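# Observations on the model geometry
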Amino acid sequence: MRKAIGLSVQNLKKGGGPFGAVIVKDNKVIATGVNRVTSHNDPTAHAEIVAIRSATRKLHSFNLQGCTIYTSCEPCPMCLAAIYWAHLDKIYYANTKTDAKNIGFDDSFIYDEIALDPDLRKIETTRLLSAEAITAFERWTEMDEKMEY
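What counts, and where the lines are drawn
- Residues numbered from 1 in each chain as written.
- Predicted model: local features only at pLDDT ≥ 70, side-chain atom pairs only at ≥ 80, totals over all residues.
- Heavy atoms only, no water.
- Phe/Tyr/Trp six-rings, centres within 6.5 Å; stacked < 30°, edge-to-face > 60°.
- Helix = DSSP H or I, 4+ residues; strand = E, 2+ residues; numbered from the N terminus.
- Buried < 20%, exposed > 50% of the residue type's maximum accessible area, 1.4 Å probe, protein only.
- Salt bridge = Lys/Arg side-chain N within 4 Å of Asp/Glu carboxyl O.
- Axes fitted to C-alpha atoms, helices over the stretch in contact; angles between N-to-C directions.
- Parallel < 35°, antiparallel > 145°, perpendicular 65-115°, else oblique.
- Left-handed = near helix turned anticlockwise from the far one by under 90°.
- Contact = heavy atoms within 4.5 Å.
- Nonpolar A, V, L, I, M, F, W, Y, C, P; charged D, E, K, R; others polar.
- Pairing = 2+ DSSP bridges.

### Side note on the packing of aromatic side chains
Within this structure, the stated rule accounts for 2 aromatic pairs. Where F19 meets F105, the ring centres are 4.9 Å apart and the plane angle is 90°; that geometry is what we call edge-to-face. Placement of the pair is F19 in the loop between α1 (2-13) and β1 (20-25) and F105 in the loop between α4 (97-102) and α5 (108-115), with a sequence separation of 86 residues. A relative accessible area of 14% means that F19 is categorised as buried. Residue classification places F105 among the partly exposed residues on the basis of a relative accessible area of 35%. With centroids separated by 4.9 Å and ring planes inclined at 10°, the aromatic side chains of Y70 and Y92 adopt a geometry described as stacked. Placement of the pair is Y70 in strand β3 (residues 67-73) and Y92 in strand β4 (residues 90-95), with a sequence separation of 22 residues. Exposure remark for Y92: the relative accessible area of 33% places this residue in the partly exposed category.

Take a look at the structure:
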């Protein structure tokens, strides 16, 4: 955890946000990440996402089962979802989402939006061509050789 916190502090000197993350497997650090949203002009480049991307490249696998993530702040909704999709075993965090909110990183509106029906969300959301799109899902279901994730 101290490494994740240290990365969050160091990242301030580079103009990034105050977030750091470390992924560990078998008691060894396999990946680190810092917030690179502004330096990479990428709103998905949160510390946890950067660390997950690095770990999957290093392990040549999208599945990070057997790994633990240490993050300087409670993961936002996007990062939490990515952690689940990556199958990390455990999350340790230092600062809370309330601590982040108090310094201007407020994700509470996203939590609220996720809970709404799509037609009630602030960003207009419209379903299109569902009868055509279902074809890919049907074919996926019928496939014998597919990599489940």
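### Examining the pattern of salt bridges
A side chain with one charge may pair with a side chain of the opposite charge, provided their charged atoms come close. In this structure the tally under the stated criterion is 1 salt bridge. Linking R53 and D42 is a salt bridge whose minimum nitrogen-to-oxygen distance equals 3.6 Å. In this pair, R53 sits in helix α2 (residues 47-59) while D42 sits in the loop between β2 (28-34) and α2, placing the two residues 11 residues apart along the sequence. Accessibility expressed as a relative area gives 35% for R53, which makes it partly exposed.

### A word on the packing of α2 against helix α3 (residues 77-86)
α3 packs onto α2 with a crossing angle of 25° between their chain directions and a minimal axis gap of 9 Å. Classed by the angle they form, the pair α2 and α3 counts as roughly parallel. With respect to the hand of their crossing, α2 and α3 are arranged in left-handed fashion. Taking contact as the criterion, the partners of E48, I49 and I52 in α2 are, on α3, M78, C79, A82, I83 and A86. The residue inventory of the contact of α2 with α3, partitioned by class, reads 7 nonpolar, no polar and 1 charged.

### Observations concerning the sheet that holds β1
Taken together, 4 strands build an open sheet; the order of strands is β2-β1-β3-β4 and the sheet is mixed. Each of the sheet's edge strands pairs with one partner strand only, and the pair in question is β2 and β4. Neighbouring strand axes in the sheet, compared pairwise and without regard to direction, differ in orientation by 15° on average. Relative to β3, β1 is paired through 5 bridges, and the arrangement is antiparallel. Within β3, the residue paired with V22 across the bridge is Y70.

### Re unusual backbone geometry
One non-glycine residue, D26, lies in positive phi territory at about 50°. Following the sequence through the fold, D26 ends up in the loop between β1 and β2. Residue H87 is not a glycine yet carries a positive backbone phi of 65°.

### A few points about the pairing of β1
The buried fraction of β1 is high, at 5 of 6 residues. Where β1 lies against β2, 6 bridges are found, and the strand directions are antiparallel. If you follow V24 over to β2, its bridge partner there is V29. The turn joining β1 and β2, which pair antiparallel and follow one another in sequence, is formed by 2 residues; a positive phi near 50° is taken by D26.

In short, shape yes, function no, at least from these values alone.
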